[in-house]
Each structure stands twice: as C-alpha cells, then as structure tokens.
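Here is how the chains run, residue by residue.
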Amino acid sequence: MSSEEYGRRVRRAGPPSRLGRDCLWAFFVGGGICTAGEALRQAFLGAGADAVTAGTLTSCTLIALSAVLTALGWYQKLASRAGAGSLVPITGFANAVVSAAIEFRSEGRVTGTGAKMFTIAGPVIVYGTLASAVYGAALWAAAFFSS
C-alpha cells in the first residue's frame, strides 16, 4: 500500500478535524477576556482614575477574578472548553500560580514549595515565599536595631 493510499484511508476512517472550529472558539474566548479587560479599564477611567492607575486596577481585577475562578474550579472548566483562548497572559498565568498554590497547600510547606519548582508557576511561589521571609527579616532587623 502506498503512502497516498494510506493517507486516503486514514482521512476516510478518522473523524473530521475540529482544528478550525477550535481555533475560532479559542480566538473568541481570548477576545472575550480581553474585551472584558478593556471594559474594566474604561470603567476605571470613567470613575476618575488616570491611565496608569486604571491599567493597574484592571490587571489586579483580572488576576483576582482568575484566582477566584480557579479556586472554585470554574477556570479549569473554561480552559477545557476554550483551550488556548483561556491562556490570555494575565489570567492564564494567574490560573497557573493559583493552581500551584492549591497543590502547595495539599502537599505541605516543604514538599509543596519544591513540588512545583520546575513548572511555570513554581518559581513565582518559591520566590514569593523566600522574598517575603527575607524582606520580613530585614524590616524586623531594621526596626530592632534602630531602637
């Protein structure tokens, strides 16, 4: 059997490709998330915030919303249907960090911190934990020795 014949048989026997539909769906979901972000930004601008503050508030709101949806288990449901469309950088990264933090909680402080070290969100959690300890110690030392 030739490779062309084999290819024809596979195309006839296999399910039709959903690539086009999946790409469109991901595009619309990602666009919807971005549109919601722009609507939030415009609302903050309308409430009197300057452009920099409105952008910061928009980012914080999208991160908080993504974190809450991840904690409730809804973001994973959206991601399973939307695919890459849910990986809009700020919400997708917030989902990755919160998911790792949820696993951290179930694994324990030592093994949980190191368990996700080599994934995308692991360094964020490890750095955040270590940086808060170092900064806390530095502030304590500054307050202790200045008295």
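Residues numbered from 1 in each chain as written. Predicted model: local features only at pLDDT ≥ 70, side-chain atom pairs only at ≥ 80, totals over all residues. Heavy atoms only, no water.

Observations regarding helix H3 (residues 51–72)
Here's step 1: Over its 22 residues, H3 extends 31 Å from the first C-alpha to the last, a length consistent with the 32 Å expected when each residue adds 1.5 Å.
Here's step 2: Along H3, the residues that are buried comprise Ala 54, Thr 58, Leu 62, Ser 66 and Thr 70. Taken end-on, H3 shows its buried residues confined to a sector of 135°, consistent with a single buried face. Summarising the geometry of H3, the exposed residues directed more than 90 degrees from the buried face are Val 52 and Ala 71.
Here's step 3: Two to three positions downstream of the cap, the backbone nitrogen of Val 52 sits 3.2 Å from a side-chain oxygen, assigning the N-cap of H3 to Asp 50.
Here's step 4: The positive-phi residue at the C-terminal boundary of H3 is Gly 73, with phi of around 85°. (Helix = DSSP H or I, 4+ residues; strand = E, 2+ residues; numbered from the N terminus. Expected span 1.5 Å × (residues − 1). Buried < 20%, exposed > 50% of the residue type's maximum accessible area, 1.4 Å probe, protein only. Arc of directions from axis to C-beta. Polar contact = N/O pair within 3.5 Å; in protein donor to acceptor, adjacent residues only side chain to side chain.)

Focus: the pattern of salt bridges
Here's step 1: Tallied over the full model, the rule gives four salt bridges.
Here's step 2: Taking the shortest distance from any N to any O, the salt bridge between Arg 9 and Glu 5 comes out at 3.0 Å. In this pair, Arg 9 and Glu 5 both sit in helix H1 (residues 3–13), four residues apart, roughly one turn of the helix.
Here's step 3: Close ionic contact of Asp 22 with Arg 18 constitutes a salt bridge, the shortest N to O distance being 3.7 Å.
Here's step 4: Here the salt bridges do not stand alone but share partners, grouping Glu 5, Arg 8 and Arg 9 into one network. (Salt bridge = Lys/Arg side-chain N within 4 Å of Asp/Glu carboxyl O.)

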